[in-house]
Amino acid sequence: MQAVSRRLVQRPLAGEASIYSSSSLRSLYGVSNHLNGTDNRRYSSSLATKGVGHLARKGTGGRSSVSGIVATVFGATGFLGRYLVQQLAKMGSQVLVPFRGSEDSPRHLKLMGDLGQVVPMKFDPRDEDSIKAVMAKANVVINLIGREYETRNFSFEDANHHIAEKLALVAKEHGGIMRYIQVSCLGASASSPSRMLRAKAAAEEAVLNALPEATVMRPATMIGTEDRILNPWSMFVKKYGFLPLIGGGTTKFQPVYVVDVAAAIVAALKDDGSSMGKTYELGGPDVFTTHELAEIMYDMIREWPRYVKLPFPIAKAMAAPRDFMVNKVPFPLPSPQIFNLDQINALTTDTLVSDKALKFQDLDLVPHKLKGYPVEFLIQYRKGGPNFGSTVSEKIPTDFYP
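Residue positions within a chain follow its written sequence, with the count starting from 1. Given that the model is predicted, a residue must reach a pLDDT of at least 70 before its local features are reported, and side-chain atom pairs must reach 80 or more before they are shown or counted; all residues, however, enter totals for whole chains, interfaces and linings. The side-chain numbers reported here are obtained from all heavy atoms of the structure, hydrogens and water having been left aside.

If you look the protein chain up in an unreviewed UniProt entry, it shows as NAD-dependent epimerase/dehydratase domain-containing protein from Arabidopsis arenosa.

Encoded structure:
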């Protein structure tokens, strides 16, 4: 009888309100409180319970525990998504992974949690019923969906604004979502020269209008094994032998390690609700220019630094044909790498964490320094293998090239 009552506490029926509370079941069948985490902090989920819903908790906090979090993570198959799913799953959360591509897209994520805890679910971001289906059993929704270039099927506004607005409205209608986290971009502003950043700002406004207690995360440019800045740079250098410095490489920004961004999202979920309704700007501890970040890349791949400085007008002219043709040809165009017109527009202004913004420190986190482990993945681009060339600590003389 005790085993039956434990299963009832851990798995309330989908779509059914909590008819029997866990306390009444324990009193009826004599289930020990420590199994549900009420008398020991290390057994309990620290998900803020502001809102509605039922949390069943069990275990010591590892991947085979039950944290009480059932999170639908939109965009989980992307760059940040895999790190976030890993951190959620290892603490015993169930993660629902909506995907719209191949069945193989979320396959790597299933290994990050215990058996059956990472659940891929097919969905269509334009179909409200499929969105409701993937949210039906969740008490947490995290939206990571975004794209830095347009395709024939999704414009900047579609991918970065309209989908986010639809997800927030469905979550509001759901009624049982305790936490909603919208991941935006550092620099999102209605006055930005970048269409993507303007769309991200519009998405923030739409989400907060629908769900005033939502948490907004604004990560800076993220660095990691699958990133979209150091990888394209390294591949370009390997292919052509030089790196174009758009705008002379003087633009300042604060790249952040992707694992730190995932940790910040989980920290917001685990707090006492103090992060609800707030916006956090997640930048790395150091400010770099584009040229300084390229130097770090060259140090790690052990190549001679060679640059070609491109003024903004020339870089925009080189990137413009792709944007002009994207909706005019009957076939998909290649994804832009370095010459992305919208990102070139974004590079015309510095992207830094504002002084008064909430940061990592407000979530009790300290972000990693960029030099060292966060960029070690670049050793794959060394032409003679991981041990090829001079050591990373050796600097090329500044007088080697003009």
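## Overview of the overall build of the protein chain
Just so we agree on the cut-off: Labels follow the DSSP assignment, with helices taken as runs of H or I lasting at least four residues and strands as runs of E lasting at least two, numbered in each case from the N terminus. Here the term buried applies to any residue with accessible area under 20% of the maximum for its type, exposed to any over 50%, and partly exposed to those in between, with areas from a 1.4 Å probe on protein chains only. Residue contacts are defined here by distance: any two heavy atoms, one from each residue, within 4.5 Å place the two residues in contact. For the area figures, the Shrake-Rupley method with a 1.4 Å probe applies, and any residue is considered shielded solely by the protein chains shown.
When you go through the protein chain residue by residue, the secondary structure sums to eleven helices and 13 strands. A burial count over the protein chain gives 49% of its 402 residues as buried. Within the protein chain, contacts between residues at least 6 apart in sequence are counted, and of these 75% link residues at least 24 apart. Of the roughly 19700 Å² of accessible surface on the protein chain, 54% is carried by carbon and sulfur atoms.

## Points about the packing of helix H3 (residues 79-89) against helix H8 (residues 258-270)
Filter applied, for reference: Angles shown run from 0 to 180 degrees and are taken between the N-to-C directions of axes, each axis being a line fitted to C-alpha atoms and, for helices, limited to the stretch in contact. Orientation is classified from the angle alone, with under 35 degrees giving roughly parallel, over 145 giving roughly antiparallel, 65 to 115 giving roughly perpendicular, and any other angle giving oblique. We call a crossing left-handed when the near helix sits turned anticlockwise from the far one by less than a right angle, and right-handed when that turn is clockwise. Note that Gly is not counted as nonpolar here; it falls among the polar residues with everything else outside the nonpolar set of Ala, Val, Leu, Ile, Met, Phe, Trp, Tyr, Cys and Pro and the charged set of Asp, Glu, Lys and Arg.
With their axes 9 Å apart at the nearest point, H3 and H8 run at an angle of 50° to one another. Judged by the inter-axis angle, H3 sits oblique to H8. At the point where H3 passes H8, the crossing takes the right-handed sense. Each of Phe79, Leu80, Tyr83, Leu84, Gln87 and Leu88 in H3 lies in contact with H8, whose residues at this interface are Val258, Val259, Val261, Ala262, Ala263, Ile265, Val266 and Leu269. In the contact of H3 with H8, the residues fall into 13 nonpolar, one polar and no charged.

## Details of the packing of aromatic side chains
Quick reminder of the rule: Pairing of aromatic rings covers Phe, Tyr and Trp, the last through its six-membered ring, and needs centres within 6.5 Å; plane angles under 30 degrees mean stacked, over 60 mean edge-to-face, and all others mean tilted.
Enumeration over the complete set of coordinates arrives at six aromatic pairs. Ring centres of Phe236 and Tyr240 lie 4.6 Å apart, and the angle between their planes is 45°; on these two criteria the pair is classed as tilted. Within this pair, Phe236 and its partner Tyr240 are both found in helix H7 (residues 230-240), separated by four residues, close to a single helical turn. Arranged with centres 6.3 Å apart and planes meeting at 90°, the rings of Tyr257 and Tyr373 form a pair that is edge-to-face. Of this pair, Tyr257 sits in strand E10 (residues 256-257) while Tyr373 sits in the segment after helix H11 (341-346), and the two are 116 residues apart along the sequence.

## Thoughts on the pairing of strand E4 (residues 140-143)
Applied cut-off: Strands were regarded as paired on the criterion that DSSP finds at least two bridges between them. By convention, a crossover is right-handed whenever its connection, traced from the first strand over the helix to the second and viewed with the strands pointing away, goes clockwise.
Burial of E4 is two-sided: the residues Val140 and Ile142 facing one way and the residues Val141 and Asn143 facing the other way are all buried. The pairing of strand E1 (residues 70-74) with E4 spans four bridges and is parallel. Bridge pairing links Thr72 to Val141 in E4. Relative to strand E5 (residues 179-183), E4 runs parallel, the two sharing four bridges. Paired with Val140 across the strands is Arg179, a residue of E5. What joins E4 to E5 is helix H5 (residues 156-174), and the crossover it makes is right-handed.

## Considerations on the sheet that holds E5
In spatial order, the strands read E3-E2-E1-E4-E5-E6-E11; together these seven strands make up an open sheet with parallel pairing. The open sheet has two free edges, formed respectively by strand E3 (118-122) and strand E11 (279-282), since each of these has just one partner strand. Strand-to-strand twist of the sheet, defined as the mean angle between neighbouring strand axes without regard to direction, takes the value 20°. Relative to E3, strand E2 (residues 94-99) runs parallel, the two being bridged by five bridges. Looking at the pairing, Pro98 lines up with Met121 of E3. Docked against the sheet, H5 engages E1, E4 and E5, running at close to 175° with respect to E5. Of the strands in this sheet, E5 and strand E6 (215-219) are in contact with helix H6 (residues 195-210), which crosses E5 at around 170°.

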